[in-house]
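The lines below spell out each chain.
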Amino acid sequence: MSSSKLASRYAAALIDIANDQDLLEQFAGELNRIGRLFRSPDFSELFRNPQISIESRRKVLDELLEKISVSPICRNFCRLLNDRRRISLLPEIEEQYRR
C-alpha cells in the first residue's frame, strides 16, 4: 500500500476519534507541533535508523511528547505509529488530517 493511502487511513481514524471527543482543532494543533519535528531531517532520521530499537525510539518519543504537551490520545497514536514502524508518515498524516 502506498504511503499516501496509509497516511490517509491513519488520518481518517484519528479524525473519527477527534469527532467523537469533540477535539478536532486540538488534535490538529498537536499534529502540527509533532509534524514540525518530523520535518527536521536529523530528527526523522533517528526514527528511520534501523539500528535504533523501537523501545529506544519510544522512550525518545514519550519524552518529546511530554515536553510539547500532547493529549494521551495523540500520544498513543504516535506510539502506535512507532510500534508499526510508520512514524515517518506523521507529516503526511498531518496534511491528510487538515484536508
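Quick summary incoming for the structure in this document. (Residues numbered from 1 in each chain as written. Predicted model: local features only at pLDDT ≥ 70, side-chain atom pairs only at ≥ 80, totals over all residues. Heavy atoms only, no water.)

1. Focus: the overall build of the protein
Phase 1: The number of helices and strands found in the protein is six helices and zero strands.
Phase 2: For the protein, whose C-alpha radius of gyration is 13 Å, the value lies close to the compact-globule estimate of 13 Å for 99 residues.
Phase 3: Its C-alpha atoms give the protein principal-axis dimensions of about 40 × 30 × 20 Å.
Phase 4: A separation threshold of at least 6 residues defines the contact pool for the protein, and within that pool the share at least 24 residues apart is 66%.
Phase 5: Surface summary for the protein: the accessible area is close to 6000 Å², and the carbon and sulfur share equals 46%. (Helix = DSSP H or I, 4+ residues; strand = E, 2+ residues; numbered from the N terminus. Rg over C-alpha atoms; globule rule 2.2 N^0.38 Å. Contact = heavy atoms within 4.5 Å. Areas by Shrake-Rupley, 256 points an atom, 1.4 Å probe, with all protein chains shown as cover.)

2. Describing the packing of helix α1 (residues 3-21) against helix α6 (residues 90-98)
Phase 1: Where α1 contacts α6, the axes come no closer than 8 Å and their chain directions differ by 55 degrees. In terms of orientation, α1 and α6 fall into the oblique class. Between α1 and α6 lies a crossing whose hand is right-handed. Judged by residue contacts, S3, S4, A7, S8, Y10, A11, L14, I15 and A18 of α1 engage E92, I93, Q96 and Y97 from α6. (Axes fitted to C-alpha atoms, helices over the stretch in contact; angles between N-to-C directions. Parallel < 35°, antiparallel > 145°, perpendicular 65-115°, else oblique. Left-handed = near helix turned anticlockwise from the far one by under 90°.)

3. Observations concerning α1
Phase 1: Taking 1.5 Å per residue as the helical rise, α1 with its 19 residues ought to reach 27 Å, and the 27 Å between its terminal C-alpha atoms agrees with that figure.
Phase 2: Listing the buried residues of α1 in full gives L6, A7, Y10, A11, L14 and A18. Along the long axis of α1, the arc covered by the buried residues comes to 125 degrees, so they all point the same way. For α1, the exposed residues lying more than 90 degrees away from the buried face are K5, R9 and D20.
Phase 3: Close packing links the buried residues of α1 with α2 (24-38), α5 (72-83) and α6.
Phase 4: Just downstream of α1 lies D22, where phi reads positive at about 55 degrees. (Expected span 1.5 Å × (residues − 1). Buried < 20%, exposed > 50% of the residue type's maximum accessible area, 1.4 Å probe, protein only. Arc of directions from axis to C-beta.)

4. Regarding α6
Phase 1: Inspection of α6 places L90, P91, I93, E94, Q96 and Y97 among the buried residues, and these make up the whole buried set.
Phase 2: Tucked inside the fold, the buried residues of α6 contact α1, α2 and α5.

5. With respect to unusual backbone geometry
Phase 1: In this model, D22 sits at a positive phi of 55 degrees, which is unusual for a non-glycine residue.
Phase 2: Relative to the helices and strands, D22 resides in the loop between α1 and α2.
Phase 3: At S69, a position not held by glycine, the phi torsion is positive, near 55 degrees.
Phase 4: When its relative accessible area of 51% is taken as the criterion, S69 is described as exposed.

6. What about the packing of aromatic side chains?
Phase 1: In this structure the tally under the stated criterion is four aromatic pairs.
Phase 2: Ring centres of Y10 and F77 lie 6.2 Å apart, and the angle between their planes is 75 degrees; on these two criteria the pair is classed as edge-to-face. Here Y10 is found in helix α1, whereas its partner F77 is found in helix α5, with 67 residues between them in sequence. Take Y10 and F77: they sit in the same class, and that class is buried.
Phase 3: The interplanar angle of 50 degrees and the centroid separation of 5.1 Å between the aromatic rings of F38 and F47 together place this pair among those described as tilted. (Phe/Tyr/Trp six-rings, centres within 6.5 Å; stacked < 30°, edge-to-face > 60°.)

By themselves these figures say nothing about function.
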